[in-house]
Amino acid sequence: MSKFDFSPMPDVNGYFGEYGGQIIPPELKTVMDEINTAYEEIRQKPEFQQELADLFANYVGRPSPIFFARRLSEQLGGARIFLKREDLNHTGAHKINHCLGEALLAKYMGKTKVIAETGAGQHGVALATACALVGIPCEIHMGQVDIEKEHPNVVKMKILGCTLVPVTRGTATLKDAVDSAFEEYLKDPNNFIYAIGSVVGPHPFPKMVRDFQSIIGTESRQQFQQGEGKLPDYVTACVGGGSNAIGMFTAFLNDDDVNLVGVEPAGHGLETDKHSATMTLGKPSEIHGMKCYVLEQEDGTPMPVHSIASGLDYPGVGPQHSYLKDLGRVQYETASDDECLNAFMTLSRVEGIIPALESSHAVAWAMRKAPTLSAEQCILVNLSGRGDKDADYVAQKLGL
Ligand SMILES: Cc1ncc(COP(=O)(O)O)c(C=O)c1O
């Protein structure tokens, strides 16, 4: 019996403890409530469950395997490190799990356009893919800085037929892309749907995206139990908005002996202003329609955050993560840009797996932790995506 009780989560108003909710104008609240009603309807339907299960198996390639990183574990000494291979999914990351759900929901609701932001381009590619499959027009907003950094994903989105909107305001990164996409959405919220790319934004998105992503933890728990005859001692995932982490953690929340660790970007260092460690250095506030931990400047505006990983530089975080932090159920740690690059190169050269820069943060934490543990102990890392999109950038940065 767990000392925590996580059901039902969130409550009917979309709150995880004090976090979440719908901090939006009343007219938008009506639209969000319609989305919630449609979601609660569709998720009960056996046809929908069957369609999603079929797409997960035959389109995405689920279940994704768990791989024992033997050489990496031996090299580090200490705990054995396992990788949940979300990088092997169609489109190369976990994002496809919720994009298929969101695209099917958009079709069910008769929406005429799906709008979203993207940071690293993974959510953009996954959503453009899902919209091509379902047959709905798709518009993606992306910061100009990220467009230049994530060229392969930009090209893919165009090939997949979506309209790409470059965003040049502010720091021209993820938060500005969210603002821009939201403005477009507000032009016609009755006919458009904003397919949020993480467990953030107003209710019901943190719940809905979590539900679609929870397949990661459900599979992992069963696979690990089958393979190792026990559960992992540590389960870790990187945290941007928090979708791959919550997707992994949900199945383990009631297993008190399983330590859950979210890894945020420390960028150039926590003592500098170039990081994105929202849970570590932020405070409870409001952003993008929800209450959560936020990194703010003195005047209360969101901090211009930084991470080498475009998918992690967001000044807010999912409300459920904020709640889990206060509760002490999940521990939030950080990894710097340099540690991330080191993990990226090490995993590539020791295991032949090129991880996404986002996922490399979780790998970096596992590499730091493993030598402090014994060989009987196991760390399961959610390898949220593959690093093809980052290869040119890293090669240039390291002069390869
Ligand atoms: C591979 C990968 N992992 C993680 C993330 C971070 O998002 P989240 O925290 O919602 O999983 C991204 C975002 O683009 C990503 O592309």
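Residues numbered from 1 in each chain as written. Predicted model: local features only at pLDDT ≥ 70, side-chain atom pairs only at ≥ 80, totals over all residues. Heavy atoms only, no water.

The name given to the protein chain in an unreviewed UniProt entry is Tryptophan synthase beta chain, and the organism recorded there is Marinobacterium marinum. Looking at the Cofactor (unreviewed entry) heading of the UniProt record, one finds this comment for the protein chain: "pyridoxal 5'-phosphate". Checking UniProt for the protein chain, the heading Sequence similarities (unreviewed entry) contains the comment "Belongs to the TrpB family." (UniProt positions renumbered as here; feature names shortened; annotations may be inferred.)

*Asks:* I keep staring at the packing of helix α1 (residues 26–44) against helix α2 (residues 46–60) and nothing clicks. Help me out?
*Replies:* The packing of two helices is summarised by the inter-axis angle and the distance between the axes. Where α1 meets α2, the closest approach of the two axes is 5 Å, and the angle between their N-to-C directions is 80 degrees. Considering the angle they form, α1 stands roughly perpendicular to α2. Between α1 and α2, the residues in contact are I42, R43 and Q44 and P46, F48 and Q49, respectively. Of the residues assigned to the contact of α1 with α2, the class counts are three nonpolar, two polar and one charged. (Axes fitted to C-alpha atoms, helices over the stretch in contact; angles between N-to-C directions. Helix = DSSP H or I, 4+ residues; strand = E, 2+ residues; numbered from the N terminus. Parallel < 35°, antiparallel > 145°, perpendicular 65-115°, else oblique. Contact = heavy atoms within 4.5 Å. Nonpolar A, V, L, I, M, F, W, Y, C, P; charged D, E, K, R; others polar.)

*Asks:* It is not clear to me how the sheet that holds strand β9 (residues 234–238) should be interpreted in this structure. Could you clarify?
*Replies:* The strands making up a sheet associate through hydrogen bonds between their backbones, and the pairing can be parallel or antiparallel. Reading across the sheet, the six strands line up as β3-β4-β14-β9-β10-β13 and stay open at both edges, with mixed pairing between neighbours. Of all strands in the sheet, those with a lone pairing partner are β3 (66–68) and β13 (330–336), marking the two edges. The average undirected angle you get between the axes of adjacent strands in this sheet is 30 degrees. Note that strand β10 (residues 259–267) and β13 share seven bridges and pair parallel. (Pairing = 2+ DSSP bridges.)

*Asks:* When you look at the UniProt feature "domain: Tryptophan synthase beta chain-like PALP" (unreviewed entry) in the protein chain in this model, what are you seeing that I'm missing?
*Replies:* Sites flagged by UniProt as "domain: Tryptophan synthase beta chain-like PALP" (unreviewed entry) map to residues 61–385. Its end C-alpha atoms 14 Å apart, residues 61–385 is made of 41% helix and 20% strand.

*Asks:* Would you mind going over the state of the cysteines with me for this structure?
*Replies:* Disulfide: a covalent bond formed between the sulfur atoms of two cysteine residues. Here the structure, examined in full by the defined rule, presents zero disulfides. Between C138, a cysteine without a disulfide, and C131, which holds the nearest cysteine sulfur, the sulfur-to-sulfur distance is 4.0 Å. (Disulfide = S-S within 2.5 Å.)

*Asks:* What is the right way to look at the pairing of β10 in this model?
*Replies:* Two faces belong to every sheet, and in a regular strand the side chains alternate between them. For β10, a buried count of eight out of nine residues is recorded, marking the element as mostly surrounded by other parts of the structure. Bridge count between β9 and β10: five bridges; the pairing is parallel. Within β10, the residue paired with Y234 across the bridge is N259. Handedness of the β9-helix α11 (residues 243–249)-β10 crossover: right-handed. (Buried < 20%, exposed > 50% of the residue type's maximum accessible area, 1.4 Å probe, protein only. Right-handed = clockwise from strand over helix to strand, strands pointing away.)

*Asks:* How should the domain arrangement of the protein chain be read in this particular structure?
*Replies:* In many analyses, interface size is given as the accessible surface area lost on bringing the parts together. For the protein chain, the domain assignment lists domain 1 (16–56 + 94–210) and domain 2 (61–92 + 214–398). Computed over C-alpha atoms only, the centres of domain 1 and domain 2 are separated by 22 Å. Taken together, the contacts link 41 residues of domain 1 with 48 residues of domain 2. In this assembly, domain 1 and domain 2 are joined by one salt bridge. Linking domain 1 with domain 2 are 20 residue pairs in polar contact (both at pLDDT 80 or more). Secondary structure elements with two or more residues in the side of domain 1 that touches domain 2: β2 (19–20), α4 (95–108), α5 (122–134), α6 (144–149), α7 (151–159), α8 (174–186) and α9 (205–213). (Domains from an automatic or database assignment. Salt bridge = Lys/Arg side-chain N within 4 Å of Asp/Glu carboxyl O. Polar contact = N/O pair within 3.5 Å; in protein donor to acceptor, adjacent residues only side chain to side chain.)

*Asks:* Mind showing me how you'd approach the site of the ligand here?
*Replies:* With respect to spatial proximity, 18 residues lie near the ligand, and among them S198, G240, G242, S243 and S384 are the closest. In the model, an oxygen atom of the ligand is placed 2.7 Å from a nitrogen or oxygen of the S243 side chain. Interatomic distance of 2.8 Å between a side-chain N/O atom of N244 and an oxygen atom of the ligand. Contact with the protein chains covers 98% of the free accessible surface of the ligand, which is 390 Å². Classifying every residue of the shell around the ligand gives five nonpolar, 11 polar and two charged. (Near = heavy atom within 4 Å. Areas by Shrake-Rupley, 256 points an atom, 1.4 Å probe, with all protein chains shown as cover.)

*Asks:* For this particular structure, what's the right way to read the UniProt feature "modified residue: N6-(pyridoxal phosphate)lysine" (unreviewed entry) in the protein chain?
*Replies:* UniProt's entry tags K95 with the feature "modified residue: N6-(pyridoxal phosphate)lysine" (unreviewed entry), counted in the numbering of this structure. The residue K95 is located in helix α4 in this model. Beyond its immediate chain neighbours, meaning those up to four positions away, K95 contacts Q122, H123, A126, G197, Q213 and S243.

*Asks:* How should I be thinking about the pattern of salt bridges in this particular structure?
*Replies:* It is possible for side chains bearing opposite charge to pair when their charged atoms get close. Per the counting criterion, the structure on display carries 23 salt bridges. In this structure, the salt-bridge partner of K84 is E219, at a minimum N-O distance of 2.7 Å. Remark: E219 occurs in helix α10 (residues 215–228) and K84 occurs in strand β4 (residues 80–85); sequence separation between them is 135 residues. Both residues of the pair, K84 and E219, belong to the buried class. Among the ionic pairs, E184 bridges to K187, the shortest N-O distance being 2.8 Å. Look at E184 and you get buried, because its relative accessible area is 13%. One network of salt bridges, in which partners are shared, links E40, R43, K207, R210 and D211.

*Asks:* Please clarify how the sheet that holds strand β5 (residues 113–118) should be interpreted in this entry.
*Replies:* Here four strands make up an open sheet; going across it, the order is β7-β6-β5-β8 and the pairing parallel. Each edge of the open sheet carries a strand with a single partner, namely β7 (163–167) and β8 (192–194). Across the sheet, the mean angle from the axis of one strand to that of its neighbour is 20 degrees, orientation sign disregarded. Bridge analysis of strand β6 (residues 138–143) against β7 gives five bridges, and the strand direction is parallel. From the neighbouring strand, H141 faces β7, where its bridge partner is V165.

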